Amino acid sequence: MRHKIIYVILSIFLLSVMVFYMARLAPGDPLASYYGDRAEKMSPKERKWAEDKLGLNDPVTVQYVRWLDRAFHGDFGISYKYKMDVMEVIRERMGNTLLLGGIGFFLTFGLSLLLGVLCTWHEDRMLDRVICKVGTVTSCIPEFWLSLVLILIFAVNLKWLPSSGAYTIGKEDDTADRIWHLILPMTVVVLGHLWYYAYMVRNKLLEEVRADYVLLARVKGIGKRSIMFRHCLRNILPSYLSIMAVSVPHILGGTYIVEMVFSYPGLGTLSYESARYQDYNLLMVLCLMSGSLVILCNMAAQAISEKIDPGITHTE
Amino acid sequence: MAGQFEIVGMRETAQVEPEQKKKWYEGKPVVSIAVLVLIVTGCLACSLITTKDPSYLDLKNYNVPPNQEFLFGTDTMGRDIFSMVWYGGRISLFIGIVSMVISTVIAVIYGTVSACAPAWADHLLMRFTEIFLSVPGLLLVIFLQAALGEANVLSLSFVIGITGWMSISKVIRTEVRRLRNSEYVIASRCMGGSFFHILWRHLAPNFVSPVMFMVVMNVRSAIVAESTLSFMGIGLPVEVISWGSMLSLAEKALLSNSWWMILIPGAFLVVTLLCITNLGNYLRRNVNRQERNL
């Protein structure tokens, strides 16, 4: 247990070092994101003053230590672009991403289980083949293109659904309006990942169905349905859970692209902006958040699979 | 007496050999390979099949729907989409293959080194890949691309290549760890075989089949990465024609409802990806399937 905690802390620390150095070594002008167009017209003296004010003239290591010191006191600095505390900026957007990613995650989780069971039930029959074919095709469609096609069909031509944003301006608190705006992005998030996991469930179930205990249960006269749901499904569920834990960041990464295409105000668009415009403080926190999420989810997955099969140790 | 009984034994039965011989194409992704070959030859021979210069800005005919002259229409800058699709495919496929090669080489070397290294170094190297995997891939690419300056075909394939090797290297490591203490590897090492000699002659032939699928899928994800990046405007610029950069005009196309600018390059992209996936799945498919008990 102690090893694990040390490992998590160490990983997050290394991640922060990597992101910090990479962001600063990448060319680009952080002043441009702070001062906008004015940055280009600054005299060298003004520039120096501005850089001193933001602490950009010190060696990178000094900057890092200062950042770390402040971070330990809960101060992650201000966003250069929004001129607000980083946490404030993130808090505003976090809900939107959690809504999209969270609901998307559970929908993917449930639907893929359902599809997997359906395919196994009808193995090698028409339904299974159709689902498999459709699944392979959808898994090949890049998320951004799927979004474009959906926008083209449902927003531009049929005018049924909005093409961007998270809510109509002035209707921030209207739940129905938010759901309205969520439909298209959600479809893309779910469709983009659904097949991968459904296929996994199908594979695992197909393996399970060939186990000896199923034969025994059949011989004892237990119904097919009850074997499938009481025994097979139950057996694969823990390993499926661990796969889903690993997939959290995967799905999160998927929402990032979708957010960008739909200009949905969430963490994805924010990360993209901050990386593009050298908004260092914001970038650091966003990277650390997603990185820690990945690390924690991996830990959770390991813990689950160790619980299922105590023989597995991950030191090897 | 003799006619009363008959000696019974195994009854002679005519062994009916199942006549249906497997045709050569059965179970193989023939259609996918054919389509893929078609697309690849079309892209390689693009100057023969296209009638127009893909980069020529025909300002009189911009945003024209598909017609006799412009088979797939023209984009908002007046370029002929039919020619662009073939020229663009060349670049997209090139990026896919080059970055696959880069990732595979890194993955093979990294995975093998990690597997052959002492336990602590192995541990360290694998943790490093995990940390690498935890930075969102897209951000990593944006950083690297920013560091390399204006994107061109080679720099983009390089960036995609060096961000896509982690999962392959993990598989290779597992395989090599399994193999590294085999007699033939030890024998080769005793006879003074160098690291690359052992890797190439003894280890690689053994891990080719489990890795093949991932390598093919790597081409696919590299093509997806290229198109996504170019679409977002941080990959190839609009003047360098690829399937992704063609789609970067999609925003304008949505405004004018010009479906051909979105659907046609995208369809080429998806069909190619689909063929590659089928190929990959074929490589992975399990041949001996057991009878189910349910």
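Summary of the structure given here. Note that the structure is a prediction, hence the values are computed from the model and not measured.

1. Points about the overall build of chain A
For chain A, the count of helices and strands is 13 helices and zero strands. Along its sequence from the N terminus, chain A presents helices and strands in the succession α-α-α-α-α-α-α-α-α-α-α-α-α. Expressed as a percentage of its 316 residues, the buried residues of chain A come to 47%. Long-range pairs, those at least 24 residues apart, make up 71% of the contacts in chain A with a sequence separation of at least 6.

2. Re helix H6 (residues 153-162) of chain B
Within H6(B), seven of the ten residues are buried, which leaves it mostly tucked inside the rest of the structure. For H6(B), every residue scored as buried is listed here: Val153(B), Ser155(B), Leu156(B), Ser157(B), Val159(B), Ile160(B) and Gly161(B).

3. Brief notes about the packing of helix H7 (residues 166-179) of chain B against helix H9 (residues 195-232) of chain B
The description of two helices packed together rests on the angle between their axes and the distance between the axes. All names here are of chain B. Between H7 and H9, the least distance of the axes is 10 Å, while the angle of their chain directions is 165 degrees. Regarding the angle of H7 to H9, the classification is roughly antiparallel. For the crossing formed where H7 meets H9, the hand is right-handed. Residues Ser167, Ile168, Val171, Ile172, Glu175, Val176 and Leu179 of H7 lie in contact with H9, whose contacting residues are Leu203, Asn206, Phe207, Pro210, Val211, Met214, Val215 and Asn218. Here the contact of H7 with H9 is built from residues that sort into eleven nonpolar, three polar and one charged.

4. Comments concerning the interface of chain B and chain A
Counting residues at the interface gives 47 residues for chain B and 55 residues for chain A. Between chain B and chain A the total buried area reaches about 4,500 Å² when both faces are included, carbon and sulfur atoms providing 71% of it. On inspection of chain B and its partner chain A, the count reaches zero salt bridges. Between chain B and chain A we count two residue pairs in polar contact (both at pLDDT 80 or more) in total. Of all elements in the fold, only helix H4 (119-134), helix H5 (137-148), H7, H9, helix H11 (250-255) and helix H12 (259-284) of chain B reach the threshold of two or more residues within the side of chain B that touches chain A. Grouping the constituent residues of the side of chain B that touches chain A by class yields 26 nonpolar, twelve polar and nine charged.

5. Some remarks on the pattern of salt bridges
When their charged atoms lie close together, side chains carrying opposite charge are able to pair. All names here are of chain B. Counted under the stated rule, the structure contains six salt bridges over all chains. Among the ionic pairs, Arg173 bridges to Asp122, the shortest N-O distance being 2.7 Å. Note that Arg173 is positioned in helix H7 and Asp122 in helix H4, a separation of 51 residues in sequence. The burial state of Arg173 is the same as that of Asp122; both residues are buried. Salt bridges sharing partners connect three or more residues here, namely Asp122, Arg173 and Arg177.

6. Considerations on unusual backbone geometry
Where the residue is not glycine, phi is negative for most of them; where a peptide bond is considered, it is trans in most cases. Residue and element names in this part refer to chain A. A positive phi is found at Asp124, a non-glycine position, where the angle reads about 60 degrees. Along the chain, Asp124 turns up in the loop between helix H6 (86-121) and helix H7 (126-140). A relative accessible area of 39% places Asp124 in the partly exposed class. Positive phi, normally seen in glycine, also occurs at Ser263, with a value near 30 degrees. Among the structural elements, Ser263 can be located in the loop between helix H11 (224-261) and helix H12 (267-276).

7. Side note on the nonpolar core
One finds Trp145(A), Leu148(A) and Phe207(B) to be the most contacted residues of the largest nonpolar core, which totals 141 residues. Top element by residues in this core is H11(A). It accounts for 15 residues. If sequence neighbours within four positions are ignored, Leu148(A) has contacts with Val261(A), Phe231(B), Ala250(B), Leu254(B) and Ile262(B). By size, the runner-up hydrophobic cluster in this structure holds five residues, among which are Cys119(A), Ile131(A), Trp195(A) and Ala198(A).

8. A short note on the state of the cysteines
Taken as a whole, this structure holds zero disulfides over all chains when the rule is applied. Free cysteine: Cys190(B), not disulfide-bonded; nearest cysteine sulfur from Cys116(B) at 14 Å.

9. Here we look at the side chain of Ser182(B)
All names here are of chain B. You can see Ser182 is positioned in the loop between H7 and helix H8 (183-190). A relative accessible area of 14% means that Ser182 is categorised as buried. In this structure the side chain of Ser182 is engaged in a polar contact, spanning 2.3 Å, whose partner is the backbone oxygen of Leu179.

10. Observations concerning the packing of aromatic side chains
Residues and elements named next belong to chain A. As enumerated under the stated definition, the model contains 17 aromatic pairs over all chains in all. A centroid spacing of 5.5 Å and a plane angle of 55 degrees characterise the contact between Trp195 and Tyr199, whose relative ring orientation is tilted. With Trp195 and Tyr199 both in helix H9 (residues 175-209), this residue pair falls four residues apart, about one helical turn. Looking at Tyr199, the relative accessible area reads 26%, which means it is partly exposed.

11. Details of a nonpolar patch on the surface
Residues and elements named next belong to chain B. Nonpolar side chains collect at one region of the surface, where Ile97, Val101, Val105, Ile109, Val113, Phe195 and Phe196 lie side by side and expose about 570 Å² of accessible area between them. Mapped by element, the contributors of at least two residues to the nonpolar patch are helix H3 (81-116) and H9. With five residues, the single largest contributor to the nonpolar patch is H3. Inspection of the secondary structure puts Val105 in helix H3. Owing to a relative accessible area of 46%, Val105 belongs among the partly exposed residues under this scheme.

Each value, and the rule that gives it
- Residues numbered from 1 in each chain as written.
- Chains lettered and ligands numbered in written order.
- Predicted model: local features only at pLDDT ≥ 70, side-chain atom pairs only at ≥ 80, totals over all residues.
- Heavy atoms only, no water.
- Helix = DSSP H or I, 4+ residues; strand = E, 2+ residues; numbered from the N terminus.
- Buried < 20%, exposed > 50% of the residue type's maximum accessible area, 1.4 Å probe, protein only.
- Contact = heavy atoms within 4.5 Å.
- Axes fitted to C-alpha atoms, helices over the stretch in contact; angles between N-to-C directions.
- Parallel < 35°, antiparallel > 145°, perpendicular 65-115°, else oblique.
- Left-handed = near helix turned anticlockwise from the far one by under 90°.
- Nonpolar A, V, L, I, M, F, W, Y, C, P; charged D, E, K, R; others polar.
- Buried area = accessible area lost by both parts, 1.4 Å probe.
- Salt bridge = Lys/Arg side-chain N within 4 Å of Asp/Glu carboxyl O.
- Polar contact = N/O pair within 3.5 Å; in protein donor to acceptor, adjacent residues only side chain to side chain.
- Core = buried A, V, L, I, M, F, W, Y, C linked by side-chain atoms within 4.5 Å.
- Disulfide = S-S within 2.5 Å.
- Phe/Tyr/Trp six-rings, centres within 6.5 Å; stacked < 30°, edge-to-face > 60°.
- Patch = residues over 30% accessible without salt bridge, like charges linked within 9 Å, V, L, I, M, F, W, Y side chains within 5 Å.
- Areas by Shrake-Rupley, 256 points an atom, 1.4 Å probe, with all protein chains shown as cover.

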